[in-house]
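Working through the structure, step by step
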Amino acid sequence: ETIGAKPPALPWNALWTGWMPLSRNRHLWVMAQGRKFRGLVSIRRRCGPSAWEVDYLRLSQEDEDTASDVLGRLAPLAGQLGAEKLFLRLPSDSPWLDIAEEAGFTRYLRERLYIRQGGAYPQKVSLPPPPGIRPKLLSDDHGLFQLYCHTCPAWVRSAEGLTFKEWQETRELAWVRPGTSQYVLEQEGSIKGWLVIAETKNRGYLHFILEREPWDI
């Protein structure tokens, strides 16, 4: 093909060449035309069988036809695996934003991520936790769901989970995988905050929810 030229439109069966169940909770699809790689997409289950997410998506920015077909087919294929919700994260400057909406995805949340790179980090210091903060217990889940309902807008709850069961199943794997620490802030018998710390070999993930009230912690 000529460099810079838009590739010709191809029938779907020439692109969607196969899928591989890497495990019960993760599936990978590969698109190719002959020996030419056209794209790859992977979906994995979140904390429950009804909620899945796209965790890897690689497509040529010039191949809009393939992108449209891929994103349009994802939901039905995930549905065959039992998914009722399929989540997709894209950068704010992604060329696939409009195509994703045309494929049926609804934009419901904008995230802002922060990262600290390089440099020397201060040594760990053992300090007593602020008053009211303690490790999360299994019995805290209903209280955490109430915190979620109090702090998240209605359109977020509608997309992620209006019921306790939906909320449990749509939670991300980073919140529950081994190596994750969870803490709650309890005041006057009510949970007011939730902190999740997930660590891997070379990075950490921090997630927290707080009620919008004055704090003295």
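Up top is the structure.
Residues numbered from 1 in each chain as written. Predicted model: local features only at pLDDT ≥ 70, side-chain atom pairs only at ≥ 80, totals over all residues. Heavy atoms only, no water.

**Some words on the pairing of strand β8 (residues 190-199)**
Each regular strand shows side chains that alternate between the opposite faces of the sheet. Cut-off, in case you're wondering: Only strands that DSSP links by at least two bridges are regarded as paired with each other. In DSSP terms, a helix is any run of H or I states spanning at least four residues, a strand is any run of E spanning at least two, and both are numbered starting from the N terminus.
Relative to β8, strand β7 (residues 180-187) is paired through eight bridges, and the arrangement is antiparallel. Looking at the pairing, Val-184 lines up with Trp-194 of β8. Pairing geometry for β8 and strand β9 (residues 204-210), over seven bridges, is antiparallel. Considered in β9, the bridge of Val-196 is made with His-207.

**Topic: the sheet that holds β9**
Stated formally: Axis lines are fitted to C-alpha atoms, over the contacting stretch for helices. Their N-to-C directions set the angle, which ranges from 0 to 180 degrees. Note on definitions: a residue-residue contact is assigned when non-hydrogen atoms from the two residues lie within 4.5 Å.
Strand order in the open sheet made by the four strands is β6-β7-β8-β9, with antiparallel pairing throughout. Each edge of the open sheet carries a strand with a single partner, namely β6 (133-135) and β9. Averaged over all adjacent pairs, the angle separating strand axes in this sheet is 20°, with direction ignored. With three bridges connecting them, β6 and β7 associate as antiparallel partners. Pairing of Pro-135 across the sheet is with Tyr-183, part of β7. Against the sheet, helix α3 (residues 141-151) makes contact with β7, β8 and β9, and its axis sits at roughly 100° relative to β8, the strand it touches most.

**Structural notes on the environment of Arg-112**
Here Arg-112 shows up in the loop between α2 (97-102) and β6. Each C-alpha atom of the pair Arg-112 and Ser-92 lies 9.9 Å from the other, and the pair is 20 residues apart in sequence.

**Observations concerning the packing of aromatic side chains**
Under the convention used in this document: A pair of Phe, Tyr and Trp rings is counted when the ring centres sit within 6.5 Å of each other, with Trp represented by its six-membered ring. The angle between the planes then sorts it: under 30 degrees is stacked, over 60 is edge-to-face, the rest tilted. A simple rule labels every residue: compare its accessible area, found with a 1.4 Å probe on the protein chains alone, to the largest value its type can have, and call it buried under 20%, exposed over 50%, or partly exposed in between.
Scanning all chains against the criterion turns up seven aromatic pairs. Consider the rings of Phe-145 and Trp-167, whose centres lie 5.6 Å apart with planes at 50°: the pair is tilted. Of this pair, Phe-145 sits in helix α3 while Trp-167 sits in helix α5 (residues 164-170), and the two are 22 residues apart along the sequence. Here the two residues Phe-145 and Trp-167 agree in accessibility, since each one is buried. For the pair Phe-164 and Trp-167, a centre-to-centre distance of 5.9 Å together with 35° between the ring planes defines the contact as tilted. Of this pair, Phe-164 and Trp-167 are both found in helix α5, three residues apart, which corresponds to roughly one turn of the helix. Among the aromatic side chains, those forming a connected cluster through ring pairs are Phe-145, Tyr-148, Phe-164, Trp-167 and Trp-194.

These values are about where atoms sit, not about what they do.
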